[in-house]
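# Architecture at a glance
Each chain, written out:
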Amino acid sequence: MRTGIIDYDAGNLQSVVSALRRLGRDAFVSSDPQELSKADRLVFPGDGHAATSMESLRRLGLDELLKDFFQRGRPILGICVGSQIVLDSSDETPEGRPGVTPCLGLVAGTCHRLPKGEVEARPLKVPHMGWNTVRIEQPGHPLFRGIRDESAFYFVHSFYTEPVKSSIVLGTTEYGLRFVTGFVQDSLAAWQFHPEKSGEVGLTLLDNFFDWRP
Amino acid sequence: MLKKRIVVCLDVKEGKTTKGIKFQDNVELGDPVEMANAYYLQGVDELVFYDITASAEKRPIMIDVVARVAQKIFIPFCVGGGLSSAEDIRRVILAGAEKVSLNSPAVKNPELIRTAARMYGSQSVVLGMDVLADPAMKSGYRVVINGGRTPTGLDALEWALQAESLGAGEIVLNSIDADGTKAGYELTVTRLISTHVGVPVVASGGAGTPEHLRAVLQEGRADAALVASMVHYGTYTVRQIKEFLAEKGVDVRL
C-alpha cells in the first residue's frame, strides 16, 4: 500500500514525511496528479492561505485529482488547511477582501475566522496556537483507536471548519467557542490540528488512518 | 482550553549543545538531537534551538541538526540565532523547523519580520526580544540587542506591538535583568507585554524552580514559559515541572 503526500507549495512537508517514515508507512511526495492517482491513499497537508492554496491546487491540476480520488472512495486525510479547503468555501480571502474563497466542495460546509474575544478578562489570541484538547464526538470510531477522550493535540490556525452535517463530526475543541476539529465523510477524514506534530498521541492517531477501511 | 506550554531552549554551538553536563538517562552529552529526544520523551511541548556559532563557515552545521531533529521529534520546534536574511530563514524552515526566531537582525531590519511572515505565515515567525528595566522608557523597559550588550532606542512595548503589526506570530520575551539569576521571571514586563499584544508571549529568563513557572504563567499572564539550565543540569525534569504546575491549577499537557 502506497500513500501519496500532496505537495502544492503549501508549506513544509518535512514533518509529515518524517512521521510516516517513523510509522513505517510507505509514502512518496509528489505534485504530479498522474503519479498521485496511482496512490492507494492521499495525505493532504497544508499550512498556507486558503486562497493561495486553492490557486496552487488548480494550477497543478490537483483539485481534479482530489475530486476524482474522493469519488472513487479512496481514503484521503486532510490536515490543517487541507481539512478546511475540502469544504465548499472559506472566509479566508486575499488581503482579507469581502466575500469568500471557493474551495473544493468535497464536503458541504464553510470555514470561518476564529473570533477574537475575551476570556477571564483577557483577549483570546489568534492564531489559536499550541496544545488544546479534542473531545471525541464519535467514540469507537476506528480513527480514534488508542486515543483517550480530551487528548491534547498541536494546533496552529486562524480559521475553523463548520461542516453542514453534524453527523460527520469526529471531534470538537474549545477556544472561545466550541468548534469542529475533526470530521469524516465517506473516504475523507480531516483534522484541524497537526497529528504529525502532536507527539506520540498524534502519531497513534495518524497511524489509525492507514488501517482505516472506509 | 488551550494549554500553557513548557518550552526548553538548547544553545547550540557548532552542532553541539553548550549546557547539559549533568544530563542523565544515557543521553549522549553534547548532542542536541539526543537531548531534544530526551525532553520529547519527558513531555516537553516545544523546543527552541539557539545557534550561537560565531563563525559563518560553521553555520551550515545547524541545518544538519535541524534536519535530524525533524526526523526524530514530533512536536513543534523553533530555530534562532544568526538568521539575518530571507535565505537563512528559508533554509531552516525547509530543513524542518516550524518557526524561526528573529532577534537582533529584526531590530536592525524590521522588514525581515514582514518578509518572513509573507514567506511562511505569521505562525512561523517569532520575535525574540531582550529587555532591560529602564525608567527613561515610556513602558519602563528598553530593548537591548547582541545578548544584552547593546542598548537600542526602542521601547519594549512599542517594539512588541510594531513587530506584531509587521507579522510576528509569537514573542519570546527575555529579561536580561532576570536572566541567569534563577530568582524567577520578571513578572511585570511579562504581564505588560502579554496583556497588550494579540499574539502568544513566551516568558524567558530567570527560571530556577517550578514555582517560578507557575508565577509567570498565572500572575505574569504568559502563554508559555521557557526553561534551560533548570532542566539541563538535571535539577528538574520537564515532567516534574508539569506535575507541579498541574497541582497548582495551571492547565498543562500531561
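The structure we're discussing is the one just above.
Conventions used here
- Residues numbered from 1 in each chain as written.
- Chains lettered and ligands numbered in written order.
- Predicted model: local features only at pLDDT ≥ 70, side-chain atom pairs only at ≥ 80, totals over all residues.
- Heavy atoms only, no water.
- Helix = DSSP H or I, 4+ residues; strand = E, 2+ residues; numbered from the N terminus.
- Rg over C-alpha atoms; globule rule 2.2 N^0.38 Å.
- Contact = heavy atoms within 4.5 Å.
- Areas by Shrake-Rupley, 256 points an atom, 1.4 Å probe, with all protein chains shown as cover.
- Lys, Arg positive; Asp, Glu negative; His and termini not counted.
- Charge placed at Lys NZ, Arg CZ, Asp CG, Glu CD.
- Disulfide = S-S within 2.5 Å.
- Buried < 20%, exposed > 50% of the residue type's maximum accessible area, 1.4 Å probe, protein only.
- Pairing = 2+ DSSP bridges.

What follows concerns the overall build of chain A. For chain A, the helix and strand inventory stands at 6 helices and 15 strands. Against the globule reference of 17 Å for 214 residues, chain A gives a C-alpha radius of gyration of 16 Å, in line with a compact fold. Summarising its shape, the C-alpha atoms of chain A cover approximately 50 × 40 × 30 Å along the three principal directions. For chain A, the share of sequence-separated contacts (at least 6 apart) that also reach a separation of at least 24 residues comes to 69%. Of the roughly 8,400 Å² of accessible surface on chain A, a fraction of 47% belongs to carbon and sulfur atoms. In chain A, which carries 23 positive and 27 negative side-chain charges, the distance between the mean positions of the two groups comes to 3 Å.

All names here are of chain A. Within the structure shown, the criterion is met by 0 disulfides over all chains. Sulfur of C80: no disulfide; nearest cysteine sulfur belongs to C111 and is 9.5 Å away. According to the relative accessible area criterion, C80 is buried, its value standing at 3%. There is no disulfide at C111, and the cysteine sulfur nearest it, in C103, is 7.2 Å away. Residue classification places C111 among the buried residues on the basis of a relative accessible area of 0%.

All names here are of chain B. Within strand β9 (residues 170-175), 6 of the 6 residues are buried, which leaves the element mostly enclosed by the surrounding structure. Here β9 shows two buried faces, one formed by E170, V172 and N174 and the other by I171, L173 and S175. As paired elements, strand β6 (residues 125-133) and β9 share 6 bridges and run parallel to each other. Each bridged residue has a counterpart across the sheet, and for L127 the counterpart in β9 is I171.

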